[in-house]
Amino acid sequence: MNVIPVPGTLDHRTIDGLLDQVALLGEERSLFDARRLRWIDPSGMVGLLTAGAVTAQKQGAIPRLEVPESTEVRGYLSRMGFFNSAQEVFEIEGQRGRDSNGDSDVLLEVTSIAGNADVHDVVDRVQQRAGVILTSKLGYSVTSVVQFSVILSEVCQNIIEHAEAPGWVAAQAYNWKHRLGRFVVVISVMDLGRGFRRSLSDEHSSRYGDRWSDATALEAAFLHGLTRFSDSGRGQGIQQIRRQVRRWDGAITIRSGTARIGQVPAWDDSPPLVDGMEPFPGSQIAIVLPAKVEK
Amino acid sequence: MSEVWLDPIAIDVGEVLQRTRTSLYSHLVTRPTGRAVRMAIKTQLQGNSNRSFRRRVAISLIDLSEVVILDFSCADEVVAKLLEDSIQGESREEFFVFRGVHERHRGQVQTVLERRGLAAVAETEPNKYSLLGQRSAAEGRAWMALEDAGLVTMGQIGTVFEERDQAAVSSLIDRRLAFRSPSSGGIHALSGLVAQFF
């Protein structure tokens, strides 16, 4: 049995380490040991599901998950609807809480995205909850809920149209009191699909020759708006998400395969491009939107 | 009786959204939803066209007022591709005005039009019209002058439009952002036609 220790903090900064471990796994069945988990955000939850699903694909066996010892963390995972999806991915060991009925303070529970109806469901649910969080906690305008919903719609459609495989999305607001001194909303979207390099390969790889890689494919889509469709109206999603995230002084990163690219604001010290990570399937998108700073 | 003989068609996109196969959805999001709504709009336009055999020119008012969320994929399908299809179609000359393009939709509509090199007349606030999408500075000036005038007769063309913008006036007509009456030669702002026909 492979034992994969889940770090005490599993968020958009630490999830790559877990995914790298999974990329290197052998054929022996695995156990994800999350007993010492103390802090987890949407990237951690969606990433853990993605890691479990990829492990199952590699090993042909459902991995086991040891739930966190902390009742607070288990309760939070329940409120975020994590266990609804986790029971499809893991053999869960240990006591788990009951999942949310949707009446909690959660912005968007962990939600499976497999078709367009799921995107509509996400937009409907967020509409009802995002307004208060975006205006009162982030100080955004009343109309920002529309732009926020558009971002979610486009980022979820990315799974369906480009990955051609299922994925998950989740979002929540946090007070980053120590890290940033203000509230943030964290959105995470990950899929098990073919990733940017394979999605764009047929249309664009020849132009890049030997330089074609996960990193160049990400640059092509993220910076230049390239898409596999010949229609000039396509490929706007990521470009427009980037533009809106920049307006809100937010951060967006996309990992696909061995590379991760990002649009990094001044408050974030992440590198804009990381290459040479372990090859991991699909794409993993994280968006952090900080509260507006009054000038 | 008006000297302009146009077929007016008003389409409430919110209502179309409820009628199409996507009737369970309340927002205009995802490309398949946008495609379905565009096809439903085209079917409605085609039905109207079949009933009015003699009129070869139509003005359609596409109303987005009841749409809360409009994402880029749907804006591309319901606004940009609808316009593009119409321009490429040969059955009759169609003019479009988009109503209810409020602040929440404006960025999406502007972006998808620019991306396809198109422009459209849109009511962005009640009774306030804007030219959205890709246009030259001269087209922008000429359109604004026409918008202020509402109707520019043949005799007024030289005075209402600046001399340097005369080619832009022709371009606005070619791009179906203004309407030239075949009988009088007068140039109509589409917003004026909306006020007249709807």
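K.L.:
So what exactly am I meant to see when it comes to the overall build of chain B here?
P.N.:
Scanning chain B for helices and strands turns up eight helices and eight strands. Split into buried and exposed, the 198 residues of chain B put 57% on the buried side. For chain B, the proportion of contacts with a sequence separation of at least 24, taken over those separated by at least 6, is 69%. Surface accessibility of chain B: about 8700 Å² in total, with carbon and sulfur atoms responsible for 50%.

K.L.:
I tried to follow the pattern of salt bridges on my own but got confused; where do I start?
P.N.:
Where charged atoms from two side chains of opposite charge approach closely, those side chains can pair. A complete count under the given rule lists 27 salt bridges over all chains for this structure. A salt bridge links E109 of chain A to R129 of chain A; its shortest N-O distance comes to 3.0 Å. Of this pair, E109 of chain A sits in strand β7 (residues 108–113) while R129 of chain A is found in helix α5 (residues 116–137), placing the two residues 20 residues apart along the sequence. Pair check on accessibility: E109 of chain A and R129 of chain A agree, each one buried. Here D85 of chain B ties to R38 of chain B by a salt bridge, and the two come within 2.9 Å at their closest N and O atoms. Residue D85 of chain B is found in helix α3 (residues 72–88), and its partner R38 of chain B is found in helix α2 (residues 31–51); the two are separated by 47 residues along the sequence. Here the salt bridges share partners, and the residues they tie into one network are R31, R35, R38, K42, D76, E77, K81, E84, D85 and R116 of chain B.

K.L.:
Please clarify how the environment of I59 of chain B should be interpreted in this entry.
P.N.:
Residues and elements named next belong to chain B. Within the fold, I59 resides in strand β2 (residues 57–63). What makes I59 buried here is its relative accessible area of 0%. Distance in space between the C-alpha atoms of I59 and E94 is 5.8 Å, their sequence separation being 35 residues. Once residues within four sequence positions are removed from consideration, I59 is found in contact with L6, D7, P8, I9, F95, V97, L190, L193, V194 and F198.

K.L.:
What's the story with the interface of chain A and chain B in this structure? I'm lost.
P.N.:
Many descriptions give the size of an interface as the accessible area lost when the pieces come together. On the side of chain B, 23 residues touch chain A, which itself brings 24 residues to the contact. For the pairing of chain A and chain B, the buried interface totals around 2100 Å² over both sides, and the portion due to carbon and sulfur atoms is 53%. Remark: the boundary between chain A and chain B carries zero salt bridges. The interface formed by chain A and chain B holds ten residue pairs in polar contact (both at pLDDT 80 or more) in total. At the level of secondary structure, the elements contributing two or more residues to the side of chain A that touches chain B comprise α5, α6 (144–163) and α9 (236–247) of chain A.

K.L.:
I tried to follow helix α7 (residues 166–174) of chain B on my own but got confused; where do I start?
P.N.:
Residues spaced three or four apart along an α-helix point in a common direction, a consequence of the helix completing one turn every 3.6 residues. Residues and elements named next belong to chain B. What α7 keeps buried is the set A168, V169, S171, L172 and I173. Taken together, the buried residues of α7 touch β5 (128–133), α5 (137–149), β7 (178–180) and β8 (187–189). Residue R176 follows α7 closely and has a positive phi angle near 60°.

K.L.:
How should helix α2 (residues 42–59) of chain A be read in this particular structure?
P.N.:
Residue and element names in this part refer to chain A. With 18 residues, α2 should reach 26 Å at 1.5 Å per residue; the first-to-last C-alpha distance of 25 Å fits that figure. α2 sits mainly inside the fold: 15 of its 18 residues count as buried. The N-capping residue of α2, defined by a side-chain oxygen 2.9 Å from the backbone nitrogen of S43, is D41. Directly beyond the C-terminal end of α2, a positive phi value near 65° is found at G60.

K.L.:
Looking at this structure, I do not really get empty space enclosed by the protein. What am I missing?
P.N.:
To find leftover empty space, a probe the size of one water molecule is rolled over the atoms. By the definition in use, this model includes one cavity of 30 Å³ or more. Empty space within the largest cavity amounts to approximately 370 Å³. Lining the largest cavity are 27 residues, and of these N158, H162, G235, G237 and I238 of chain A sit closest to its centre. At the level of elements, α6, α7 (195–208) and α9 of chain A together with α3 of chain B are the ones that each hand at least two residues to the lining of the largest cavity.

K.L.:
I keep staring at the layout of surface pockets and nothing clicks. Help me out?
P.N.:
Put simply, the largest pocket is a space of about 590 Å³. As for the largest pocket, its lining consists of 30 residues, and the residues nearest its centre are S144, Q147, Q244, R247 and W248 of chain A. When residues of the lining of the largest pocket are traced back to their parent elements, those giving at least two are α6 and α9 of chain A together with α4 (103–115) of chain B. Ranked by residue count, the leading element in the lining of the largest pocket is α4 of chain B, at eight residues. Residues that form the lining of the largest pocket fall into these classes: eight nonpolar, eleven polar and eleven charged. The volume enclosed by the second largest pocket comes to roughly 340 Å³. With four residues, the top contributor of residues to the lining of the second largest pocket is helix α3 (residues 71–79) of chain A.

K.L.:
In this structure, what is going on with the sheet that holds strand β10 (residues 251–257) of chain A? I would like to understand it.
P.N.:
Across a sheet, strands are paired by hydrogen bonds formed along the backbone, either parallel or antiparallel in direction. All names here are of chain A. Taken together, the seven strands give an open sheet; going across it, the order is β7-β8-β9-β13-β10-β11-β12, and neighbouring strands pair in antiparallel fashion. The open sheet terminates on both sides in strands that have one partner only, identified here as β7 and β12 (273–274). Two elements, strand β11 (residues 259–263) and β12, share two bridges in a ladder whose sense is antiparallel. Of the residues in β12, the one forming a bridge with R260 is V274. The sheet contacts of helix α8 (residues 214–222) involve β10, β11 and β12, and relative to β11 the element is tilted by about 30°.

K.L.:
What is the right way to read the domain arrangement of chain A from this model?
P.N.:
All names here are of chain A. Here chain A is described as being made up of domain 1 (1–100) and domain 2 (103–295). Taken over C-alpha atoms, the centre of domain 1 sits 21 Å from the centre of domain 2. Between domain 1 and domain 2, roughly 2500 Å² of surface is buried when both sides are summed, and carbon and sulfur atoms account for 65% of that area. We note a salt bridge from D268 to R13, for which the minimum N-O separation is 3.7 Å. Inspection of the region where domain 1 meets domain 2 yields eight residue pairs in polar contact (both at pLDDT 80 or more). Among the secondary structure elements, those contributing two or more residues to the side of domain 1 that touches domain 2 are α1 (15–23), β4 (39–40), α2, α3 and α4 (82–89). In terms of residue count, α2 provides more of the side of domain 1 that touches domain 2 than any other element does, eleven residues in total. Its residues placed into classes, the side of domain 1 that touches domain 2 shows 18 nonpolar, eight polar and six charged.

What counts as what
What you see as residue numbers is a count from 1 along each chain, following the sequence as written. Naming scheme: in the order in which they are written, chains are lettered from A and ligands are numbered from 1. Whole-chain, interface and lining totals are the exception, using all residues; otherwise, since this is a predicted model, local features are given only for residues with pLDDT of at least 70 and side-chain atom pairs are given and counted only at 80 or more. As a rule here, side-chain values come from all non-hydrogen atoms in the structure, and water together with hydrogens is ignored. A run of H or I in DSSP becomes a helix once it reaches four residues, and a run of E becomes a strand once it reaches two; helices and strands are each numbered from the N terminus. Partly exposed residues are those whose accessible area sits between 20% and 50% of the maximum for their type, while under 20% is buried and over 50% is exposed, using a 1.4 Å probe and protein chains only. Residue contacts follow a heavy-atom distance rule, with two residues in contact if any of their heavy atoms lie within 4.5 Å. Methods summary: accessible areas were calculated by the Shrake-Rupley approach with a probe of 1.4 Å, and residue burial reflects only the protein chains presented. Salt bridges are counted wherever a side-chain nitrogen of Lys or Arg sits within 4 Å of a carboxyl oxygen of Asp or Glu. A simple way to read buried area is as the amount of 1.4 Å-probe accessible surface that goes missing from two parts once joined, with both sides added. Residues adjacent in sequence count toward polar contacts only when both atoms are side-chain atoms; beyond that, a polar contact is any pair of N or O atoms within 3.5 Å, and within protein one must be able to donate a hydrogen and the other to accept it. In a helix, the anticipated span is given by 1.5 Å times the number of residues less one. Lining residues are those with an atom within 4 Å of a point, where the points come from a 1 Å grid over the protein atoms alone and group into cavities, where a 1.4 Å probe fits but cannot get out, or pockets, open sets with protein on both sides within 12 Å along at least five of seven lines. Grid points are joined across faces, edges and corners, and a volume is the space filled by probe spheres set on the points. Polar here means any residue other than Ala, Val, Leu, Ile, Met, Phe, Trp, Tyr, Cys and Pro, which are nonpolar, and Asp, Glu, Lys and Arg, which are charged; Gly is therefore polar. DSSP-based pairing: two strands are paired if at least 2 bridges between them are found. Between the N-to-C directions of two axes lies an angle of 0 to 180 degrees, each axis being a line fitted to C-alpha atoms and, for a helix, fitted only over the stretch in contact. For the domain bounds, the source is a domain assignment made automatically or taken from a database.

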